[in-house]
Amino acid sequence: MRAEVDMDIFGVFSIIGTIAFAVSGAIVAMEEEYDILGVFVLGLVTAFGGGVVRNVLIGIPVSTLWSQGELFKIALISMTIAFILPISWLNRWRRSEAFFDAIGLSAFAIQGALYATQIGHPVSAVLVAAMLTGIGGGIIRDVLAGRKPLVLRDEIYAVWAMLAGLCIYNKWFESTIELLTLFVIIIILRMLSVHFRWRLPRRSLKHAFVQSVYDRPEQQQSTQEAQENQAVKQVELERKKTIKPAVGNPIGALVRKGWWNR
């Protein structure tokens, strides 16, 4: 009975995550002006890419993806609806995109953690399964769309997926009600991180590397030569200013002034 309940909630999380991520990928494709084929490809990659990567890493045959026919149908229907929706409706989706993204993250992270736990993997594999199932599709989507993966440099994102995996592994949330509670908690944490702009510590070397170019010996030599040339030009300019009065009055400039003119 317990396994049946777990499989039921597992299926619910799979459906929720598939819809949220498929629509997200479809909207990104339309933003990048992809054709309808690109919309479907990017939507499917977003919805199923994380699960494929997870299966490869935890030793599940990738061919199990083709047994998820119902989820494929759900994804295709979701992307078709997103493709034909009016712009005003899509704008509403964009305003609430972070919320639906949080739904997909929470659903897929819990789904991946349950998958790895049922197989009997250690905590490291459970955390990786939860994280990659939650963010893997979004990373592949951004790469195919020519964008920098925001999940790796923007708000706290992957941390919440790993937190869900840790809770599942330690059996802090086991029953259906408890799993649904964890689902809501992860969504709330994700939305709080978006609202308050929580960030993980970061260290940028971008400007440091740019500065280091000017610290090279050959660059220092060229800089020194430029400074010397500038100094020579300055001396020449001062000398011309000094000689100019003598050119205008050559005789008077050479006559020594007497004490009455001093």
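As a starting point, this report considers the structure included with it. For clarity, every value in this text was computed on a predicted model and none was experimentally measured.

Per the secondary structure count, the protein includes 11 helices and zero strands. In sequence order, the secondary structure elements of the protein are arranged as α-α-α-α-α-α-α-α-α-α-α. Expressed as a percentage of contacts within the protein between residues at least 6 apart in sequence, the contacts between residues at least 24 apart total 75%. When the accessible surface of the protein is summed, it comes to about 16200 Å², and 64% of that surface belongs to carbon and sulfur atoms.

Here we come to unusual backbone geometry. With a phi close to 65°, E33 is a non-glycine residue in the positive phi region. Examined against the element boundaries, E33 turns out to sit in the loop between α1 (2–31) and α2 (36–58). When its relative accessible area of 73% is taken as the criterion, E33 is described as exposed. In this structure, R197 takes a positive phi of about 55° despite not being glycine. Along the polypeptide, R197 turns up in the loop between α8 (176–195) and α9 (206–213). Of the residues examined, R197 reaches a relative accessible area of 59% and is grouped as exposed.

Turn by turn, an α-helix covers 3.6 residues, leaving residues three or four places apart pointing in a common direction. For helix α5 (residues 97–119), with 23 residues, the first-to-last C-alpha span of 33 Å sits near the 33 Å given by 1.5 Å per residue. G120 sits one or two positions beyond α5 and adopts a positive phi of about 95°.

A separate point is the packing of aromatic side chains. Aromatic ring pairs are reported here in terms of the distance separating the ring centres and the angle at which the planes meet. Per the stated rule, a full pass over the model turns up four aromatic pairs. Aromatic pair F48 and F72: ring centres 4.5 Å apart, planes at 15°, arrangement stacked. Within this pair, whereas F48 is found in helix α2, its partner F72 is found in helix α3 (residues 69–84), the two being separated by 24 residues in sequence. Taking relative accessible area as the criterion, F48 reaches 7% and is therefore assigned buried. Between W66 and F72 the ring centres are 6.1 Å apart and the planes differ by 10°, which places this aromatic pair in the stacked class. Clustering of aromatic rings is evident, with ring pairs tying together F48, W66 and F72.

Moving on to the nonpolar core. Counting residues in each nonpolar core, the largest one holds 55 residues, and the members touching the most others are F13, F48, I110, I168, L179, L182 and F183. Listing elements by their share of this core, those giving two or more residues are α1, α2, α3, α4 (87–95), α5, α6 (123–144), α7 (158–169) and α8. Among the elements that line this core, the one with the most residues is α5, at 10 residues. Excluding residues within four positions of it along the chain, I168 makes contact with I110, A113, L114, T117, F173, L179 and L182.

Let us now look at α8. Over its 20 residues, α8 runs 29 Å from end to end, which matches the ideal 28 Å to within 8%, given 1.5 Å per residue. Following α8 by one or two positions, R197 adopts a phi angle in the positive range, close to 55°.

Next up on the list: a nonpolar patch on the surface. On the surface, a nonpolar cluster with roughly 480 Å² of combined accessible area is contributed by I36, L37, V41, F83 and I84. For the nonpolar patch, the elements supplying multiple residues, two or more each, are α2 and α3. Mapped onto the elements of the fold, V41 is located in helix α2.

The rules we used
Residues numbered from 1 in each chain as written. Predicted model: local features only at pLDDT ≥ 70, side-chain atom pairs only at ≥ 80, totals over all residues. Heavy atoms only, no water. Helix = DSSP H or I, 4+ residues; strand = E, 2+ residues; numbered from the N terminus. Contact = heavy atoms within 4.5 Å. Areas by Shrake-Rupley, 256 points an atom, 1.4 Å probe, with all protein chains shown as cover. Buried < 20%, exposed > 50% of the residue type's maximum accessible area, 1.4 Å probe, protein only. Expected span 1.5 Å × (residues − 1). Phe/Tyr/Trp six-rings, centres within 6.5 Å; stacked < 30°, edge-to-face > 60°. Core = buried A, V, L, I, M, F, W, Y, C linked by side-chain atoms within 4.5 Å. Patch = residues over 30% accessible without salt bridge, like charges linked within 9 Å, V, L, I, M, F, W, Y side chains within 5 Å. Salt bridge = Lys/Arg side-chain N within 4 Å of Asp/Glu carboxyl O.

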